[in-house]
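For reference, the chains in residue letters:
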Amino acid sequence: MTAADQELHFADAGEAADLAAFLARLIHYDRAAAVRLQAGGGVLAVFGRPPSFEVLAIRTARLEAIIGTDTTTATTAGAAGAAGASGPGALDTTVSAGELGDALDTARAGRTADGHEVRDRGLVVTVPKAVTGPPWAGVLPPRGGWRRVSGLPGVDEVHGAVAAAVAEFRARDAELPEERRTRAERDRIGHEIWSRTLGDTGLPLRAVHAAQSLGFLRPVRAAAPAATSAGAGGGVATATPGPTAEPLALLAAGGWLRLRTPYGSIAVRTSGLSGLSVTPA
(Lines give C-alpha, C1' and ligand atoms only; values in the text may rest on other atoms or scores of the structure.)
Protein backbone atom coordinates (compact mmCIF):
# COMPACT_ATOMS: atom_id res chain seq x y z
CA MET A 1 0.00 0.00 0.00
CA THR A 2 1.40 3.37 -1.01
CA ALA A 3 1.14 6.62 0.94
CA ALA A 4 -1.50 7.80 -1.55
CA ASP A 5 -3.66 4.80 -0.46
CA GLN A 6 -3.79 6.13 3.10
CA GLU A 7 -6.06 8.55 4.90
CA LEU A 8 -5.09 10.74 7.83
CA HIS A 9 -7.79 11.14 10.47
CA PHE A 10 -7.02 14.38 12.30
CA ALA A 11 -8.02 14.61 15.93
CA ASP A 12 -8.66 18.36 15.82
CA ALA A 13 -9.92 20.44 12.90
CA GLY A 14 -8.27 23.55 14.32
CA GLU A 15 -4.85 21.90 14.16
CA ALA A 16 -5.55 20.87 10.58
CA ALA A 17 -6.41 24.50 9.79
CA ASP A 18 -3.13 25.64 11.34
CA LEU A 19 -1.31 23.04 9.23
CA ALA A 20 -3.02 24.36 6.10
CA ALA A 21 -1.91 27.90 6.99
CA PHE A 22 1.66 26.65 7.49
CA LEU A 23 1.63 25.01 4.06
CA ALA A 24 0.30 28.23 2.50
CA ARG A 25 3.23 30.16 3.98
CA LEU A 26 5.70 27.62 2.60
CA ILE A 27 4.12 27.93 -0.84
CA HIS A 28 4.43 31.71 -0.58
CA TYR A 29 8.21 31.28 -0.54
CA ASP A 30 8.31 28.39 -3.01
CA ARG A 31 5.34 27.55 -5.26
CA ALA A 32 6.83 24.11 -5.92
CA ALA A 33 7.51 23.38 -2.24
CA ALA A 34 7.63 19.77 -1.09
CA VAL A 35 7.13 18.57 2.47
CA ARG A 36 8.14 15.37 4.19
CA LEU A 37 5.49 13.68 6.33
CA GLN A 38 6.21 11.37 9.25
CA ALA A 39 3.58 9.92 11.56
CA GLY A 40 4.06 8.13 14.86
CA GLY A 41 2.89 8.28 18.44
CA GLY A 42 -0.45 9.81 17.45
CA VAL A 43 1.18 12.83 15.80
CA LEU A 44 1.81 13.85 12.19
CA ALA A 45 5.00 15.86 11.69
CA VAL A 46 5.35 17.96 8.54
CA PHE A 47 8.82 19.16 7.53
CA GLY A 48 9.42 22.01 5.08
CA ARG A 49 12.32 24.19 4.00
CA PRO A 50 11.47 27.79 3.05
CA PRO A 51 14.37 28.73 0.75
CA SER A 52 14.62 32.34 1.85
CA PHE A 53 15.68 31.29 5.36
CA GLU A 54 17.75 28.11 4.85
CA VAL A 55 16.18 26.34 7.83
CA LEU A 56 13.91 23.36 8.41
CA ALA A 57 10.42 24.20 9.66
CA ILE A 58 8.38 21.59 11.50
CA ARG A 59 4.62 21.68 12.15
CA THR A 60 2.64 18.94 13.87
CA ALA A 61 -0.95 17.86 14.34
CA ARG A 62 -2.57 15.08 16.36
CA LEU A 63 -3.98 12.05 14.56
CA GLU A 64 -6.72 9.65 15.59
CA ALA A 65 -5.77 7.07 12.98
CA ILE A 66 -4.03 6.32 9.69
CA ILE A 67 -6.35 4.20 7.55
CA GLY A 68 -5.82 2.49 4.20
CA THR A 69 -8.39 3.52 1.62
CA ASP A 70 -8.63 -0.08 0.46
CA THR A 71 -10.08 -0.85 3.94
CA THR A 72 -7.54 -3.62 4.52
CA THR A 73 -5.46 -1.56 6.90
CA ALA A 74 -6.80 0.43 9.83
CA THR A 75 -4.21 1.54 12.34
CA THR A 76 -4.97 3.75 15.29
CA ALA A 77 -2.52 6.56 15.89
CA GLY A 78 -1.44 4.98 19.14
CA ALA A 79 -0.70 1.63 17.53
CA ALA A 80 1.24 3.24 14.73
CA GLY A 81 3.30 5.15 17.24
CA ALA A 82 4.22 1.99 19.08
CA ALA A 83 6.05 0.77 15.99
CA GLY A 84 7.59 4.13 15.21
CA ALA A 85 7.48 6.04 11.94
CA SER A 86 8.50 2.95 9.98
CA GLY A 87 6.07 0.49 11.58
CA PRO A 88 2.96 -1.09 10.03
CA GLY A 89 0.33 1.49 9.17
CA ALA A 90 2.66 4.38 9.92
CA LEU A 91 3.60 7.02 7.37
CA ASP A 92 6.86 8.39 6.00
CA THR A 93 6.67 10.07 2.60
CA THR A 94 7.42 13.29 0.70
CA VAL A 95 4.56 15.06 -1.06
CA SER A 96 3.74 18.35 -2.76
CA ALA A 97 2.93 21.07 -0.21
CA GLY A 98 0.33 22.46 -2.60
CA GLU A 99 -1.42 19.11 -3.04
CA LEU A 100 -1.48 18.48 0.70
CA GLY A 101 -2.86 21.97 1.26
CA ASP A 102 -5.58 21.35 -1.33
CA ALA A 103 -6.46 18.05 0.34
CA LEU A 104 -6.78 19.78 3.70
CA ASP A 105 -8.94 22.54 2.21
CA THR A 106 -11.21 19.96 0.55
CA ALA A 107 -11.60 18.03 3.79
CA ARG A 108 -12.34 21.17 5.78
CA ALA A 109 -14.94 22.26 3.21
CA GLY A 110 -16.57 18.84 3.49
CA ARG A 111 -17.17 19.37 7.20
CA THR A 112 -19.64 22.13 6.35
CA ALA A 113 -21.52 20.04 3.77
CA ASP A 114 -24.98 18.73 4.54
CA GLY A 115 -25.22 15.13 5.72
CA HIS A 116 -24.50 13.48 9.08
CA GLU A 117 -22.06 11.02 7.55
CA VAL A 118 -19.61 13.78 6.59
CA ARG A 119 -19.83 15.47 9.97
CA ASP A 120 -19.56 12.25 11.95
CA ARG A 121 -16.39 11.12 10.19
CA GLY A 122 -14.43 14.09 11.45
CA LEU A 123 -11.63 15.55 9.37
CA VAL A 124 -10.22 12.93 7.00
CA VAL A 125 -7.50 13.75 4.48
CA THR A 126 -6.19 11.49 1.73
CA VAL A 127 -2.40 11.55 1.49
CA PRO A 128 -1.26 12.92 -1.90
CA LYS A 129 0.93 10.80 -4.13
CA ALA A 130 4.63 10.79 -3.29
CA VAL A 131 7.08 13.03 -5.15
CA THR A 132 10.81 12.88 -5.58
CA GLY A 133 12.08 14.65 -2.52
CA PRO A 134 14.67 17.46 -2.57
CA PRO A 135 18.05 16.69 -0.94
CA TRP A 136 17.10 18.22 2.41
CA ALA A 137 14.19 15.79 2.82
CA GLY A 138 16.64 12.94 3.31
CA VAL A 139 18.32 14.57 6.31
CA LEU A 140 16.06 15.37 9.23
CA PRO A 141 16.85 16.31 12.84
CA PRO A 142 17.23 13.37 15.24
CA ARG A 143 14.09 12.05 16.92
CA GLY A 144 15.59 11.97 20.40
CA GLY A 145 18.53 12.98 22.53
CA TRP A 146 17.61 16.66 22.69
CA ARG A 147 19.00 18.74 25.54
CA ARG A 148 18.06 22.24 26.55
CA VAL A 149 20.43 25.07 25.63
CA SER A 150 20.63 27.93 28.11
CA GLY A 151 20.77 31.61 27.30
CA LEU A 152 17.68 31.96 25.12
CA PRO A 153 16.21 35.46 25.61
CA GLY A 154 12.58 35.99 26.52
CA VAL A 155 9.82 36.31 23.93
CA ASP A 156 9.89 40.12 23.93
CA GLU A 157 13.66 40.18 23.44
CA VAL A 158 13.40 37.67 20.58
CA HIS A 159 10.80 39.80 18.83
CA GLY A 160 12.98 42.85 19.42
CA ALA A 161 16.03 41.17 17.88
CA VAL A 162 14.10 40.37 14.69
CA ALA A 163 12.62 43.88 14.50
CA ALA A 164 16.06 45.46 14.95
CA ALA A 165 17.55 43.26 12.23
CA VAL A 166 14.75 44.09 9.80
CA ALA A 167 15.15 47.81 10.55
CA GLU A 168 18.91 47.60 9.99
CA PHE A 169 18.45 45.86 6.65
CA ARG A 170 15.98 48.50 5.46
CA ALA A 171 18.22 51.34 6.60
CA ARG A 172 21.32 49.91 4.90
CA ASP A 173 19.34 49.16 1.76
CA ALA A 174 18.05 52.74 1.64
CA GLU A 175 21.62 54.05 1.95
CA LEU A 176 22.89 52.14 -1.07
CA PRO A 177 23.79 54.37 -4.03
CA GLU A 178 21.81 53.65 -7.17
CA GLU A 179 24.67 51.86 -8.92
CA ARG A 180 24.99 49.38 -6.03
CA ARG A 181 21.30 48.72 -5.51
CA THR A 182 21.45 45.22 -6.95
CA ARG A 183 20.08 41.85 -5.86
CA ALA A 184 23.60 40.61 -5.15
CA GLU A 185 24.37 43.57 -2.86
CA ARG A 186 21.08 43.20 -1.02
CA ASP A 187 21.70 39.48 -0.60
CA ARG A 188 25.14 40.26 0.82
CA ILE A 189 23.67 42.63 3.40
CA GLY A 190 20.94 40.18 4.31
CA HIS A 191 23.41 37.31 4.68
CA GLU A 192 25.58 39.40 6.99
CA ILE A 193 22.67 40.42 9.20
CA TRP A 194 20.79 37.11 9.38
CA SER A 195 23.94 35.06 9.95
CA ARG A 196 24.45 36.75 13.31
CA THR A 197 23.50 34.70 16.32
CA LEU A 198 20.84 35.36 18.91
CA GLY A 199 22.84 36.41 21.94
CA ASP A 200 25.28 33.66 22.95
CA THR A 201 23.01 30.80 21.87
CA GLY A 202 24.63 30.06 18.51
CA LEU A 203 21.18 30.19 16.87
CA PRO A 204 21.28 32.24 13.63
CA LEU A 205 18.89 35.18 13.55
CA ARG A 206 17.48 33.77 10.31
CA ALA A 207 15.94 30.95 12.36
CA VAL A 208 14.06 33.41 14.55
CA HIS A 209 13.03 35.43 11.48
CA ALA A 210 11.71 32.22 9.91
CA ALA A 211 9.74 31.39 13.05
CA GLN A 212 8.11 34.80 12.97
CA SER A 213 7.39 34.72 9.23
CA LEU A 214 5.82 31.25 9.45
CA GLY A 215 3.52 32.27 12.29
CA PHE A 216 5.30 30.35 15.03
CA LEU A 217 5.85 33.36 17.31
CA ARG A 218 2.27 34.56 17.60
CA PRO A 219 0.68 34.73 21.08
CA VAL A 220 -0.42 31.42 22.57
CA ARG A 221 -4.18 30.94 22.46
CA ALA A 222 -6.06 29.13 25.20
CA ALA A 223 -6.66 25.54 24.13
CA ALA A 224 -6.65 21.96 25.28
CA PRO A 225 -3.41 20.65 26.79
CA ALA A 226 -0.69 20.19 24.22
CA ALA A 227 -0.04 16.83 22.62
CA THR A 228 3.55 15.83 22.02
CA SER A 229 5.46 13.09 20.27
CA ALA A 230 9.00 11.89 20.77
CA GLY A 231 8.89 9.83 17.59
CA ALA A 232 7.40 11.97 14.85
CA GLY A 233 9.83 14.60 13.87
CA GLY A 234 12.83 15.47 15.89
CA GLY A 235 12.10 15.00 19.54
CA VAL A 236 9.14 16.41 21.42
CA ALA A 237 7.05 18.45 19.00
CA THR A 238 4.02 20.44 20.14
CA ALA A 239 0.82 19.65 18.27
CA THR A 240 -1.64 21.98 19.97
CA PRO A 241 -0.54 24.71 22.40
CA GLY A 242 -2.35 24.75 25.70
CA PRO A 243 -2.76 27.67 28.10
CA THR A 244 0.39 26.60 29.95
CA ALA A 245 2.51 25.86 26.86
CA GLU A 246 6.11 26.99 27.19
CA PRO A 247 6.58 30.08 24.97
CA LEU A 248 10.05 29.25 23.61
CA ALA A 249 12.81 26.73 24.18
CA LEU A 250 16.15 26.11 22.50
CA LEU A 251 17.30 22.50 22.17
CA ALA A 252 20.40 20.82 20.75
CA ALA A 253 21.10 17.29 19.48
CA GLY A 254 23.47 15.67 17.00
CA GLY A 255 24.80 18.84 15.42
CA TRP A 256 21.37 20.51 15.26
CA LEU A 257 19.78 23.43 17.07
CA ARG A 258 16.00 23.62 17.31
CA LEU A 259 13.90 26.60 18.37
CA ARG A 260 10.71 25.09 19.74
CA THR A 261 7.58 27.21 19.97
CA PRO A 262 3.97 26.32 20.84
CA TYR A 263 3.12 26.35 17.11
CA GLY A 264 6.07 24.55 15.58
CA SER A 265 9.84 24.31 15.48
CA ILE A 266 12.67 25.75 13.43
CA ALA A 267 15.79 23.58 13.11
CA VAL A 268 19.23 24.46 11.76
CA ARG A 269 22.22 22.21 11.28
CA THR A 270 25.35 23.46 12.99
CA SER A 271 27.93 20.85 11.98
CA GLY A 272 28.68 18.02 9.58
CA LEU A 273 26.94 16.89 6.40
CA SER A 274 28.13 19.35 3.80
CA GLY A 275 25.25 18.37 1.49
CA LEU A 276 22.73 20.30 3.58
CA SER A 277 23.61 23.92 4.21
CA VAL A 278 21.10 25.51 6.55
CA THR A 279 23.63 27.72 8.31
CA PRO A 280 26.27 29.97 6.76
CA ALA A 281 29.44 28.22 5.66
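In what follows, the structure referred to is the one given above.
Not measured: the values here are computed from a predicted model.

K.L.:
Let's hear about helix α3 (residues 97-110): which residues, and what values?
P.N.:
For α3, built from 14 residues, the straight-helix expectation of 20 Å at 1.5 Å per residue is met to within 8% by its first-to-last C-alpha distance of 20 Å. Those residues of α3 lying buried are Ala97, Leu100, Gly101, Ala103, Leu104 and Ala107. The buried residues of α3 occupy an angular sector of 160 degrees when the element is viewed end-on, so they sit on one face. Of the surrounding secondary structure, the elements contacted by the buried residues of α3 are β1 (6-10), α1 (13-29), β2 (34-40), β6 (91-96) and β7 (123-126). At the N-terminal boundary of α3, the capping side chain belongs to serine 96, with an oxygen 3.2 Å from the backbone nitrogen of glycine 98.

K.L.:
Hey, could you go over helix α5 (residues 155-175) for me, with residue numbers and the actual values?
P.N.:
Taking 1.5 Å per residue, 21 residues should reach 30 Å; α5 reaches 31 Å between its end C-alpha atoms and fits that length. Looking at α5, one finds that the buried residues are Val158, Val162, Ala165 and Asp173. One side of α5 holds all its buried residues, which, seen down the axis, span an arc of 65 degrees. Exposed and oriented more than 90 degrees from the buried face of α5 are Asp156, Arg170, Ala174 and Glu175. Contact partners of the buried residues in α5: α6 (183-194) and α7 (205-213).

K.L.:
Which residues make up the pairing of strand β3 (residues 43-48), and what values do they have?
P.N.:
Of all six residues that make up β3, six are buried, and the element is covered over most of its length. On β3, burial covers both faces: Val43, Ala45 and Phe47 on one face and Leu44, Val46 and Gly48 on the other are all buried. Two elements, β2 and β3, share five bridges in a ladder whose sense is antiparallel. Bridge assignment links leucine 37 to a residue of β3, and that residue is valine 46. Taking the residues that link successive antiparallel strands as the turn, the β2-β3 hairpin has two residues, and the phi of glycine 41 there is positive, at about 65 degrees. Across six bridges, the pairing between β3 and strand β4 (residues 56-68) is antiparallel. From the neighbouring strand, valine 43 faces β4, where its bridge partner is arginine 62.

K.L.:
Please give an account of the pattern of salt bridges that cites residues and values.
P.N.:
According to the stated counting rule, one finds 16 salt bridges in the structure shown. For the salt bridge of arginine 36 with aspartate 92, the shortest nitrogen-to-oxygen distance reads 3.0 Å. Taken together, the residues span a long stretch of sequence, with arginine 36 in strand β2 and aspartate 92 in strand β6 at a distance of 56 residues. Judged by its relative accessible area of 16%, arginine 36 falls in the buried class. For the salt bridge of glutamate 168 with arginine 196, the shortest nitrogen-to-oxygen distance reads 2.7 Å. Of this pair, glutamate 168 sits in helix α5 while arginine 196 sits in the loop between α6 and α7, and the two are 28 residues apart along the sequence.

K.L.:
Residue-level account of the packing of aromatic side chains, with values.
P.N.:
Applying the stated rule across the entire model yields two aromatic pairs. With a centroid separation of 5.8 Å and 25 degrees between ring planes, the pair formed by phenylalanine 22 and phenylalanine 216 is classed as stacked. Of this pair, phenylalanine 22 sits in helix α1 while phenylalanine 216 sits in the loop between α7 and β9 (249-253), placing them 194 residues apart in sequence. Phenylalanine 22 gets classed as buried once you look at its relative accessible area, which sits at 1%. With a centroid separation of 5.2 Å and an interplanar angle of 80 degrees, the aromatic rings of tyrosine 29 and phenylalanine 53 are classed as edge-to-face. Of this pair, tyrosine 29 sits in helix α1 while phenylalanine 53 sits in the loop between β3 and β4, and the two are 24 residues apart along the sequence. Just above the ring of tyrosine 263 sits the side chain of arginine 218; from NZ or CZ to the centre is 3.7 Å. Just above the ring of tryptophan 146 sits the side chain of arginine 258; from NZ or CZ to the centre is 4.6 Å.

Reading the values: rules and limits
Residues numbered from 1 in each chain as written. Predicted model: local features only at pLDDT ≥ 70, side-chain atom pairs only at ≥ 80, totals over all residues. Heavy atoms only, no water. Helix = DSSP H or I, 4+ residues; strand = E, 2+ residues; numbered from the N terminus. Expected span 1.5 Å × (residues − 1). Buried < 20%, exposed > 50% of the residue type's maximum accessible area, 1.4 Å probe, protein only. Arc of directions from axis to C-beta. Contact = heavy atoms within 4.5 Å. Polar contact = N/O pair within 3.5 Å; in protein donor to acceptor, adjacent residues only side chain to side chain. Pairing = 2+ DSSP bridges. Salt bridge = Lys/Arg side-chain N within 4 Å of Asp/Glu carboxyl O. Phe/Tyr/Trp six-rings, centres within 6.5 Å; stacked < 30°, edge-to-face > 60°. Lys NZ or Arg CZ within 6 Å of the ring centre and 35° of its normal.

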